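# Structure assessment
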Amino acid sequence: MARDPVPSKRSRFWPGVAAMTALACIAMPASAQDLLIRNATVHTASARGSLENADVLVRGGLIQAVGAALPVPAGVPVVEAGGRPLTPALFGGITEIGIEEVSGEQSTVDSTLQIGQQPLRPEFDVTLAYNPASVLVPVARVEGIGFTALGAHTGGGFVAGQGGVVRLDGSADPIGPRALYLRLGSAAAELTGQSRAAQWMLLQQMVDEARGRVGVDSPHALLTPAGRRTLAGYLAGKGRIIVEVDRASDIRQLLRWAAREKVKIAIAGGAEAWQLAAELARADVPVFVDSLANLPTTFDQIGATLENAARLHAAGVNVSFAQSGDASHNARKVRQLAGNAVAHGLPWADGLAGLTRVPAQAMGVGDRIGSIEPGKLADLVLWEGDPLDVAHYAEQVWLGGRSLPMRSRQTELRDRYLAPADDQPRAYSR
Amino acid sequence: MHNLLRAGIGLALLSLAAAPATGASRFVQDPYPSTYQPRGSAPVLIHNATVLTGTGERLDDADVLLRDGKVVQVGHALQAGDDVRRVDARGRWVTPGLIDVHSHLGVYPSPGVGAHSDGNEMTAPVTANVWAEHSVWPQDPGFAEALAGGVTSMQVLPGSANLVGGRGVVLKNVPTTTYQAMKFPGAPWGMKMACGENPKRVYGGKGTAPATRMGNVAGYRAAFIDASEYIARNTSTPPKRKRWFGSDKEDSAGDSGGKRDLKLDTLAGAIQGDIRVHIHCYRADEMATMLDLAHEFGFKVAAFHHGVEAYKLADRLAAEGVCGALWADWWGFKMEAFDGIQENIALVDRPANSCAIVHSDSPEGIQRLNQEAAKAIAAARRANLPAIAPERAITWMTANAARALGIEQQTGTLEAGKNADVVVWNGNPFSSYALADQVFIDGYPYFDRTTAAGKPVSDFRLGQEVH
């Protein structure tokens, strides 16, 4: 809890400070979550756009002011940015950070449910397995990544289960609503009787069960009582259903289904989503694009193109990013996805929005993170150069106004082997 | 030769038809020879570019003259006749064509359906007899995308399921109907080996050897013992020196005498240095074991591939003249990749006589080797290592890669007489925003981003968007 940046919780440990905070903001003493970042190029990822030579004032872990030549409250430390870019802490994509340690070692992987008898378990919630002490957390964080959408993976059924947003500040619990993950198309055919047509059959039956149109004692029930309650929540609009799907014809069916059942959806992958860009924009469906996917890797991805993100954006779709490779260990690669989308026509500001505001809003946490605006959590990154270009790196990360050590297991390994060999074995250096 | 004649008339005919390269040993005769022909093209003068030559040099506001498929001259204000096609490269950068030493394009093509899974002969731990080229599907749409990323040559390797996976082949990245027409003339084959988790998982999981890392090493040693015996029985001159494992008895595989054995041909070619040894190996301790193995049997390791722990023994790799073919940032997807760091390439590049290579092992990664290098440059800067200049970093995917593949006399640098394998970039290639504008192979413009018909389209892609 000592790492928790939220002032109200901190008050339990520092009642004196909390009392003074409540009395008068002006006289608020500087805390570890106070700072002024001066003279940055502030990419707010908000309606204010990018501000040159701007300052950001952080108090109690929250952004208090953004503007030019802000006065420095007494005792608040100042970070000179020297014109370098400052962005909201980035979205790491849909990952298994903290729910897998080594992908190839089953004992370290908690993202997938494998229950043979009744495999469709929307109530399965991977956030309960989240380990904030995972070495993947600092590895992603030192690259400027401040939050990620934990994703459940399909194992026994095409309904993968639930995930949610975690901030990579060491805190143990997710923020915001849960999301339910589904997979449609050829990748899920094995889980649905070898036909994508069966996916709609099974999905409709689950909806019927959740809506109470199938008796709880029906011998054909797909869902447990808990599964019915969970799915009913999504059908009532409490949280988004994120659907991993690529083929345009499947996306078309999905849009019809979502409109009919009045559910909030998002698309992940969406290799051919650009072919339905107008429909997706009309339905206000955000798309998490793998913007490096341009090959017909499967027959569902025949229309894959590097211009997917740009075409979706041009039609008015909110575009974010998600990888199809090793999204968790290499979450940092999400910057490369955004940069390459920009190289293929996405405006730069929308590339950044796809790593900040858009995913935060899509995941239901846009009121707290994803932009540099007063009242938002001070989840910030100061960059050595263009954050969307892999030629540059994050210099400093703050989460909840707290300066995070720019160290990870990888930098420790690096430093051990960078040091010149001396009399002692390297195993004694740390 | 004596043994070869004894082997029977069919084989003798085969060897006559194969037209072996001059002086090549019988282990590396090629019955599937290259039919690649450079395409005739007008001479080209690329002018006013920032040129990275691949020799460690950078020339600003410089010109590159290509004629008859070769680089003729690199320098300032070059004079050329009226017959040249001029490419105005102001603001643009020019590099040698990129070379990927580790690709599975064609053998694991797109779409990745079961019928296309041709990259791993997972039926025995030593399949030195298989040749990746016999799995290559030239219509893999990935070749064209790699070309758009500036890749002009690549080594296509078998997968890493086996201790010895088979022969890899070096291809020119040109659109053709047959792989022979892509085959890089004069390039030696590679022999793919694999350390660590993959072989022991694949075979141990079936209850057969190897099931452990010690089983892996025993498997390599048995194979090389057989090959050493095979060399002794199939060459008129005895091996350089008598080794402890030599004997006059039947070898363990029962392949003694004149009977030709494809598996032992490849291993023998590797021992004799005619086939380059490329080893998939992650951990530092296992790389050291493989170097000892190489000394034990008298072969040379061309490169360790993946080598996520290469930084732990960078000095030894450089001292032994072994290249490290590496990713910029892959790690953690399995236990032997857990110690990956982003400075790996920079640290392998650091010692004198080093040979750092950026490789892909990925149909996505091969499209942006330049960006992988950019990551490594940035990581080095973040770690306060000496700055890595673009003219240095470009060698990781050009000259060094050519050296590992044994094609450094033909390509990998922009020097007079080299193949005109050239990329014109829209700017500094070490960036997320870098795009190849034009790509030349032996002087022919195989890719041009500025024209609609400037990119090859696989047969597979035809008609897919007709609705």
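In case you missed it, the structure is sitting above this.
Residues numbered from 1 in each chain as written. Chains lettered and ligands numbered in written order. Predicted model: local features only at pLDDT ≥ 70, side-chain atom pairs only at ≥ 80, totals over all residues. Heavy atoms only, no water.

## Observations regarding the overall build of chain B
The test is simple: Think of it this way: any DSSP run of H or I at least four residues long counts as a helix, any run of E at least two long counts as a strand, and we number them from the N terminus. When a residue's accessible area, from a 1.4 Å probe over protein chains only, is under 20% of the maximum for its type it is buried; when over 50% it is exposed; and in between it is partly exposed. Note on definitions: a residue-residue contact is assigned when non-hydrogen atoms from the two residues lie within 4.5 Å.
A count of helical and extended segments in chain B gives twelve helices and 16 strands. The 467 residues of chain B split such that 62% are buried. In chain B, once contacts between residues fewer than 6 apart in sequence are set aside, the share between residues at least 24 apart is 70%.

## Topic: the pattern of salt bridges
This is how the line gets drawn: Any Lys or Arg side-chain nitrogen located within 4 Å of an Asp or Glu carboxyl oxygen qualifies as a salt bridge.
Inspection of every chain in the model, using the stated rule, returns 52 salt bridges over all chains. For A:Glu143, the salt bridge goes to B:Arg382, with nearest N and O atoms at 3.0 Å. Pair noted here: A:Glu143 is in the loop between α3 (136–141) and β7 (145–150) and B:Arg382 is in helix α10 (residues 369–382), and the two residues belong to different chains. Residue classification places A:Glu143 among the buried positions, given a relative accessible area of 5%. The exposure class of B:Arg382 is buried, given its relative accessible area of 19%. The partner of A:Arg183 in a salt bridge is A:Glu244, with the nearest N and O atoms 2.8 Å apart. With A:Arg183 in strand β9 (residues 175–183) and A:Glu244 in strand β10 (residues 240–245), this residue pair connects regions lying 61 residues apart in the sequence. Residue A:Arg183 is classed as buried on the basis of its relative accessible area, which comes to 18%. Given a relative accessible area of 36%, A:Glu244 falls into the partly exposed group.

## Section: the interface of chain B and chain A
This is how it is decided: Buried area counts how much accessible surface, traced with a 1.4 Å probe, disappears from two parts once they are put together, with both parts' losses summed. Here a polar contact is recorded for every N or O atom pair within 3.5 Å, except that within protein the pair must consist of a potential hydrogen donor and a potential acceptor, and residues adjacent in sequence are included only if both atoms are side-chain atoms.
Chain B puts 47 residues into the contact, and the matching count from chain A is 47 residues. Together, the buried faces of chain B and chain A total about 4100 Å²; carbon and sulfur atoms form 53% of this surface. Of all residues in chain B, B:Trp331, B:Arg382 and B:Tyr433 bury the most surface against chain A, accounting for 18% of the area lost on that side. Here chain B and chain A share five salt bridges between them. Scanning the region where chain B abuts chain A turns up 29 residue pairs in polar contact (both at pLDDT 80 or more).

## Quick look at the packing of helix α5 (residues 213–234) of chain B against helix α6 (residues 262–271) of chain B
Residue and element names in this part refer to chain B. The condition is simple: Inter-axis angles, ranging from 0 to 180 degrees, are taken between N-to-C directions of lines fitted to C-alpha atoms, where helices are fitted over the stretch in contact. Any angle that falls under 35 degrees is termed roughly parallel, while one over 145 is termed roughly antiparallel, one within 65 to 115 roughly perpendicular, and all others oblique. Amino acids outside the nonpolar list (Ala, Val, Leu, Ile, Met, Phe, Trp, Tyr, Cys, Pro) and the charged list (Asp, Glu, Lys, Arg) are all regarded as polar, and Gly is one of them.
Interaxial distance between α5 and α6 falls to 9 Å at its minimum, and their mutual angle equals 85°. The angle between the axes of α5 and α6 places the two elements in the roughly perpendicular class. Taking contact as the criterion, the partners of Ala 223, Phe 224, Asp 226, Ala 227, Ser 228, Tyr 230 and Ile 231 in α5 are, on α6, Leu 264, Asp 265, Leu 267, Ala 268 and Ile 271. Broken down by class, the residue content of the contact of α5 with α6 amounts to nine nonpolar, one polar and two charged.

## Thoughts on the sheet that holds strand β6 (residues 98–103) of chain B
All names here are of chain B. Heads up, the condition is: Any two strands with at least two DSSP-identified bridges between them are counted as paired.
Reading across the sheet, the eight strands line up as β6-β7-β8-β9-β10-β11-β12-β13 and stay open at both edges, with mixed pairing between neighbours. In this open sheet, the two strands that pair with only one neighbour each are β6 and β13 (356–358). Strand-to-strand twist in this sheet, taken as the mean axis angle between neighbours without regard to direction, amounts to 25°. Relative to strand β10 (residues 276–281), strand β9 (residues 190–194) runs parallel, the two sharing five bridges. Among the inter-strand pairings, Gly 190 is bridged to a residue of β10, identified as Arg 276.

## Let's talk about unusual backbone geometry
Here B:Ser110 and B:Pro111 are connected by a cis peptide whose omega angle stands at -10°. Relative to the helices and strands, B:Pro111 resides in the loop between β6 and α3 (142–148). Phi is positive for A:Asn53, which is not a glycine, with a value near 50°. Along the polypeptide, A:Asn53 turns up in strand β2 (residues 50–59). The exposure class assigned to A:Asn53 is partly exposed, which follows from its relative accessible area of 47%. Positive phi, normally seen in glycine, also occurs at B:Asp442, with a value near 50°. Relative to the helices and strands, B:Asp442 is located in the loop between β15 (436–441) and β16 (444–448).

## Regarding helix α7 (residues 284–297) of chain B
Residues and elements named next belong to chain B. Our working rule: Take the number of residues in a helix, subtract one, and multiply by 1.5 Å to get its expected span.
Between its first and last C-alpha atoms α7 spans 20 Å; for 14 residues at 1.5 Å apiece the expected length is 20 Å, and the two agree. Counting buried residues in α7 gives ten out of 14 residues, a clear majority hidden from the surface. Ala 284, Glu 286, Met 287, Ala 288, Met 290, Leu 291, Leu 293, Ala 294, Glu 296 and Phe 297 are the residues of α7 that are buried. The inward-facing, buried residues of α7 abut β9, α5, α6, β10, β11 (301–306) and α8 (314–319). Count one or two residues on from α7 and you reach Gly 298, which has phi positive near 75°.

## Thoughts on the sheet that holds strand β13 (residues 319–321) of chain A
Residue and element names in this part refer to chain A. Read across the open sheet, the eight strands follow the order β6-β7-β8-β9-β10-β11-β12-β13; overall the sheet is mixed. In this open sheet, the two strands that pair with only one neighbour each are β6 (90–95) and β13. Between one strand axis and the next, the sheet turns through 25° on average, direction left out of account. Both β7 and strand β8 (residues 159–167) contribute to a ladder of three bridges, which runs antiparallel. Each residue of the ladder has a partner; that of Phe 147, found in β8, is Arg 167. The strands touched by helix α6 (residues 248–261) within the sheet are β10 and β11 (265–269), with β11 carrying the most contacts at an inclination of about 165°.

## Some points on the packing of aromatic side chains
Residues and elements named next belong to chain B. Which entries qualify depends on this criterion: Pairing of aromatic rings covers Phe, Tyr and Trp, the last through its six-membered ring, and needs centres within 6.5 Å; plane angles under 30 degrees mean stacked, over 60 mean edge-to-face, and all others mean tilted.
Overall, the coordinates contain 17 aromatic pairs over all chains when judged by the stated rule. On the numbers, 4.2 Å between centres and 15° between planes, the contact of Trp 327 with Trp 330 is stacked. What makes Trp 327 buried here is its relative accessible area of 4%. Judged by centre distance (6.0 Å) and plane angle (40°), the ring pair of Trp 331 and Phe 338 falls under tilted. The exposure class assigned to Trp 331 is buried, which follows from its relative accessible area of 2%. For Phe 338, a relative accessible area of 13% corresponds to the buried category.

## Structural notes on the side chain of B:Asp140
Residue and element names in this part refer to chain B. What counts, and what does not: Working convention for charge: Lys and Arg count positive, Asp and Glu count negative, and His plus the chain ends are omitted.
Here Asp 140 shows up in the loop between β6 and α3. Buried charge Asp 140 goes without a salt bridge, the closest partner of opposite sign being Arg 461 at 7.9 Å. Of the polar contacts made by the side chain of Asp 140, one reaches the backbone nitrogen of Gly 106; its length is 2.8 Å. Aside from chain neighbours lying at most four places away, what touches Asp 140 is Leu 105, Gly 106, Tyr 108, Pro 109 and Ser 110.

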